[in-house]
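# Understanding the architecture of this molecule
If you want the building blocks of each chain, they are given just below.
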Amino acid sequence: MPTKDVRLREDHHRFVQDEALSLSGLVQNAIDEVKSGDRELPTETDRETEGYDLIRTSVSLTDEHDDFMASREFVFSVFVHQLIEERIKREQLLQRIQDGDI
């Protein structure tokens, strides 16, 4: 199974760990969404990292996912960053709903 190295912001890494998320599963599901047309690949080439410590980690992909991603032009770390940001926002919204703030 191929792997892609990515450097996560420390707060993103902590979120993934705290929520017991499978980063590889999250990325693979998002790739499936790109393949089906339900998600767009990022056009940005940079992500906000200033002032954050970065932690190196790996994401496992199936051969099919790796081949698909290799055939596209985009920045993988930005893709992962956006996925985690979306998940954080979703969790925050759910918490606000549970707290009765919404």
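Look up a bit, the structure's there.
These lines cover the structure that appears in this document, whether it is placed above or below. (Residues numbered from 1 in each chain as written. Predicted model: local features only at pLDDT ≥ 70, side-chain atom pairs only at ≥ 80, totals over all residues. Heavy atoms only, no water.)

Here we take up the side chain of Gln 28. Position of Gln 28 among the secondary structure elements: in helix 2 (residues 23–36). A relative accessible area of 16% places Gln 28 in the buried class. Those residues within four positions of Gln 28 in sequence are excluded, and the remaining contacts are Ser 60, Leu 61, Thr 62 and His 65. (Helix = DSSP H or I, 4+ residues; strand = E, 2+ residues; numbered from the N terminus. Buried < 20%, exposed > 50% of the residue type's maximum accessible area, 1.4 Å probe, protein only. Contact = heavy atoms within 4.5 Å.)

It is worth spelling out a nonpolar patch on the surface at this point. A grouping of Leu 93, Leu 94, Ile 97 and Ile 102 is seen on the molecular surface, where their side chains present a nonpolar patch of about 360 Å² in accessible area. If you trace the backbone, Ile 102 turns up in the segment after helix 4 (76–98). Of the residues examined, Ile 102 reaches a relative accessible area of 56% and is grouped as exposed. (Patch = residues over 30% accessible without salt bridge, like charges linked within 9 Å, V, L, I, M, F, W, Y side chains within 5 Å. Areas by Shrake-Rupley, 256 points an atom, 1.4 Å probe, with all protein chains shown as cover. Salt bridge = Lys/Arg side-chain N within 4 Å of Asp/Glu carboxyl O.)

Turning our attention to the packing of aromatic side chains. Scanning all chains against the criterion turns up two aromatic pairs. With a centroid separation of 5.8 Å and an interplanar angle of 75 degrees, the aromatic rings of Phe 74 and Phe 79 are classed as edge-to-face. What links up through ring pairs into an aromatic cluster is the set Phe 74, Phe 76 and Phe 79. Here the basic side chain of Lys 35 rests over the ring of Phe 68, its NZ or CZ set 5.8 Å away from the ring centre. (Phe/Tyr/Trp six-rings, centres within 6.5 Å; stacked < 30°, edge-to-face > 60°. Lys NZ or Arg CZ within 6 Å of the ring centre and 35° of its normal.)

Glancing now at the packing of helix 2 against helix 4. One can describe the packing of helix 2 onto helix 4 by two numbers: an axis separation of 11 Å at closest approach and a directional angle of 100 degrees. The angle between helix 2 and helix 4 places the two elements in the roughly perpendicular class. Taking contact as the criterion, the partners of Leu 23, Leu 26, Val 27, Ala 30, Ile 31 and Val 34 in helix 2 are, on helix 4, Phe 76, Phe 79, Val 80, Leu 83, Ile 84 and Arg 87. Partitioning the contact of helix 2 with helix 4 into residue classes produces eleven nonpolar, no polar and one charged. (Axes fitted to C-alpha atoms, helices over the stretch in contact; angles between N-to-C directions. Parallel < 35°, antiparallel > 145°, perpendicular 65-115°, else oblique. Nonpolar A, V, L, I, M, F, W, Y, C, P; charged D, E, K, R; others polar.)

The subject of this paragraph is helix 2. Over its 14 residues, helix 2 extends 20 Å from the first C-alpha to the last, a length consistent with the 20 Å expected when each residue adds 1.5 Å. Among the residues making up helix 2, those that are buried are Leu 23, Ser 24, Leu 26, Val 27, Gln 28, Ala 30, Ile 31 and Val 34. The elements touched by buried residues of helix 2 are strand 1 (3–9), helix 1 (10–18), strand 2 (54–60), helix 3 (63–70) and helix 4. Gly 37 sits one or two positions beyond helix 2 and adopts a positive phi of about 90 degrees. (Expected span 1.5 Å × (residues − 1).)

Further remarks concern the pattern of salt bridges. Scanning the model with the defined rule gives eight salt bridges in all. The salt bridge involving Glu 64 is made with Lys 35; its shortest N-O contact spans 2.3 Å. In this pair, Glu 64 sits in helix 3 while Lys 35 sits in helix 2, placing the two residues 29 residues apart along the sequence. Look at Lys 35 and you get partly exposed, because its relative accessible area is 34%. With a closest N to O distance of 3.4 Å, Arg 87 and Glu 91 form a salt bridge. Placement of both Arg 87 and Glu 91 in helix 4 is noted, with a separation of four residues, approximately one turn of the helix. Ionic contacts of the salt-bridge type, sharing partners, join the residues Arg 9, Asp 11 and Glu 85 into one network.

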